[in-house]
Amino acid sequence: MATAALRHVPGLPRAAQPGSVAMAAAGGLCGLVAALESYRGRDRAVRALCYGCQLAGGALGGRQSPAAGLSGSLLAVSAQLSHCRTVLRLFDDLAMLSYSHGYGLGPKDEDAVVRGLSVLCNVADQLYYPCEHVAWAADAGIVPASSSKWWEASTRLWGLSLLLGILRSVRVLFQLRKKLRQQKRTFSPQDRKKMKAQVKSEVLSIISNMADLANAIHWLPPGFLWAGQFPPWLVGLLGTISSLIGIYQASRESNSGAA
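Residues numbered from 1 in each chain as written. Predicted model: local features only at pLDDT ≥ 70, side-chain atom pairs only at ≥ 80, totals over all residues. Heavy atoms only, no water.

- As recorded by an unreviewed UniProt entry, the protein carries the name Peroxisomal membrane protein 11C and is attributed to Aythya fuligula.

Structure representation (structure tokens):
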């Protein structure tokens, strides 16, 4: 006997089609696999998981020191994932050098202040890697050196890079605001949409960099601002915020590139 076709009743939400749900799930899984197959995508995922474990472990452990049980296990996983990322960054020097060489002194049509801040940021990033490599090698007993001063140097360079990135984004926002005031009537809807997307991207970059900068200062030797005063859950929270923003921005760039 033939089955009667299902009719949609006005006023009630339409049921999701099983095929469309399956296709959406398959598409999401394919996107995740594609992201994890790339080095940058995998690093973003490991970073988010690392800080997420630290957030959960710190929150569960409270003021207990040392952390035990599930809290201690989560913090141990976080530490191992952080070490994994440190080892993988041993191979980032050439990629950073290639990027810095490609950018050079920046495009001539770009704002001079933005170009200057970008160049300084690239220099700080380039110097960060060898300092971290020496610190890692010293901890591993590969080189006879004290790792603490090299970890401090790499953290300071990371913090400097983040600060320069914040200043660069603030400068770009001022430039966009000025451009919007001067050419408000001549902008097409597409140009306006593109500018709003750029403003959103810069604002998110500022939030992300500020969260990371707060952690970078925490990891400096005690005595400077709030160095050494953050509980593990706060470090995890700030890192998770920054990581999720990075994943969101990467997915937006990927979608816009595919379009």
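What follows continues from the structure just given.
## As for helix H5 (residues 112–139)
Alright, step 1. When the terminal C-alpha atoms of H5 are compared, their 41 Å separation across 28 residues agrees well with the 40 Å that a helix rising 1.5 Å per residue should span.
Alright, step 2. A distance of 3.3 Å separates the backbone nitrogen of Val113 from a side-chain oxygen at the start of H5, and that oxygen is part of Asp111.
Alright, step 3. In the stretch just after H5, Gly141 is the one whose phi turns positive, near 80°. (Helix = DSSP H or I, 4+ residues; strand = E, 2+ residues; numbered from the N terminus. Expected span 1.5 Å × (residues − 1). Polar contact = N/O pair within 3.5 Å; in protein donor to acceptor, adjacent residues only side chain to side chain.)

## Notes on the packing of H5 against helix H6 (residues 147–182)
Alright, step 1. It is at 8 Å that the axes of H5 and H6 come closest, and there the two elements cross at 160°. The angle between the axes of H5 and H6 places the two elements in the roughly antiparallel class. Crossing geometry of H5 relative to H6 is assigned as left-handed.
Alright, step 2. Grouping the amino acids of the contact of H5 with H6 by side-chain chemistry returns 22 nonpolar, 4 polar and 5 charged. (Axes fitted to C-alpha atoms, helices over the stretch in contact; angles between N-to-C directions. Parallel < 35°, antiparallel > 145°, perpendicular 65-115°, else oblique. Left-handed = near helix turned anticlockwise from the far one by under 90°. Nonpolar A, V, L, I, M, F, W, Y, C, P; charged D, E, K, R; others polar.)

## Comments concerning the pattern of salt bridges
Alright, step 1. Tallied over the entire structure, the rule returns 8 salt bridges.
Alright, step 2. Of the charged contacts in the structure, one is a salt bridge between Glu110 and Arg168, with a shortest N-O distance of 4.0 Å. One end of the pair, Glu110, is in the loop between helix H4 (93–103) and H5; the other, Arg168, is in helix H6, with 58 residues separating them in the sequence.
Alright, step 3. With a relative accessible area of 24%, Glu110 lands in the partly exposed category.
Alright, step 4. By relative accessible area, which is 25% here, Arg168 ends up partly exposed.
Alright, step 5. A salt bridge links Glu202 to Arg168; the shortest N-O distance between them is 4.0 Å. Separated by 34 residues along the polypeptide, Glu202 in helix H7 (residues 189–218) and Arg168 in helix H6 bring together distant segments of the chain. (Salt bridge = Lys/Arg side-chain N within 4 Å of Asp/Glu carboxyl O. Buried < 20%, exposed > 50% of the residue type's maximum accessible area, 1.4 Å probe, protein only.)

## A short note on the side chain of Ser147
Alright, step 1. Locating Ser147 in the fold gives a position in helix H6.
Alright, step 2. On the basis of relative accessibility, which here comes to 15%, the residue Ser147 falls in the buried class.
Alright, step 3. Among the polar contacts listed, one links the side chain of Ser147 to the side chain of Asp139, at a separation of 2.6 Å.
Alright, step 4. Among all residues touching Ser147, those that are not within four sequence positions of it are Ala135, Ala138 and Asp139. (Contact = heavy atoms within 4.5 Å.)

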